[in-house]
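Overview (structure and organization)
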Amino acid sequence: MTDKEEKAKKRKRSLIEWGAIIGVIAFLYLTGLHTPVIGTLQKGLLATGLIKPSIPSVTDTFPEANRDFYMADEDGQVISLAHFDGEVVFMNIWATWCPPCIAEMPSINKLYQQFRESDNVKFVLVSMDDEFEKAKQFMEKRGFNMPIYHFRTKVPGTYEGNVIPTTYVISGDGRLMMEKQGLAKYDTPEFEQFLRDLAEI
């Protein structure tokens, strides 16, 4: 076989390989399976413990959080962040079509289990899905029992951003203690202690 024929054979093999890869990617996107697949890969990345939120000192100075953020609970009752005055709020903005949201949800659920009985720490998971039923089905299918809410109004400037997931921690006295854009691992002893220190529990 000549060099020319060998190169042509390699080129053909390369085209077939790339065609197969593109075909798999196209299949995943057309069937909607790309979201859970990418989410699973990112969950594996989180398991390494490399992507964690920066934990601030609770004694630092922080801006006041905007409480004019309205949402509806699973029963359709509309509330605002003011509903949680006096309580530490862990608020996560997410969607079922967002792979990194899916990736970090198990770690949020594990963290939630540590505070489920607490009166001082509240979890507020706000779905950006157009159909809230999808968010409910997502939680039910995965066995998560965290309280979820449906986004209701225009986001006030404090929380205006183009990235989801985004997570906020608001202190009981209304200070914006943390804003984390993008996925992170939250079920760490350090982050749990951060919430406990804020809530003084």
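What comes next is a walk through the structure. Since the structure is predicted, the reported quantities are computational estimates derived from the model, not experimental observations.

What follows covers the packing of aromatic side chains. Applying the stated criterion to the full structure yields 11 aromatic pairs. Relative to Phe 191, the ring of Phe 90 lies with its centre 6.0 Å away and its plane at 85 degrees, an arrangement referred to as edge-to-face. Remark: Phe 191 occurs in helix H5 (residues 189-199) and Phe 90 occurs in strand S3 (residues 88-94); sequence separation between them is 101 residues. Assessed through its relative accessible area of 0%, Phe 90 is described here as buried. Assessed through its relative accessible area of 0%, Phe 191 is described here as buried. Through successive ring pairs, a cluster of aromatic residues spans Phe 90, Tyr 112, Phe 115, Phe 123, Tyr 186, Phe 191 and Phe 194.

Reading across from one edge, S2-S1-S5-S4-S3-S6-S7 is the order of the seven strands in this open sheet, with mixed pairing throughout. Two strands lie at the open edges of the sheet, namely strand S2 (78-80) and strand S7 (176-181), each paired on one side alone. The mean inter-strand angle of the sheet, taken between neighbouring strand axes irrespective of direction, is 30 degrees. Judged from the five bridges that link them, strand S6 (residues 166-170) and S7 form a sheet pairing that is antiparallel. By the bridge assignment, Thr 166 is partnered in S7 with Gln 181. Where helix H4 (residues 132-142) meets the sheet, its contacts fall on strand S1 (70-72), S3, strand S4 (121-127) and strand S5 (148-151), and the angle it forms with S5 comes to roughly 160 degrees.

Each value, and the rule that gives it
Residues numbered from 1 in each chain as written. Predicted model: local features only at pLDDT ≥ 70, side-chain atom pairs only at ≥ 80, totals over all residues. Heavy atoms only, no water. Phe/Tyr/Trp six-rings, centres within 6.5 Å; stacked < 30°, edge-to-face > 60°. Helix = DSSP H or I, 4+ residues; strand = E, 2+ residues; numbered from the N terminus. Buried < 20%, exposed > 50% of the residue type's maximum accessible area, 1.4 Å probe, protein only. Pairing = 2+ DSSP bridges. Axes fitted to C-alpha atoms, helices over the stretch in contact; angles between N-to-C directions. Contact = heavy atoms within 4.5 Å.

Distances and angles like these do not, on their own, reveal function.
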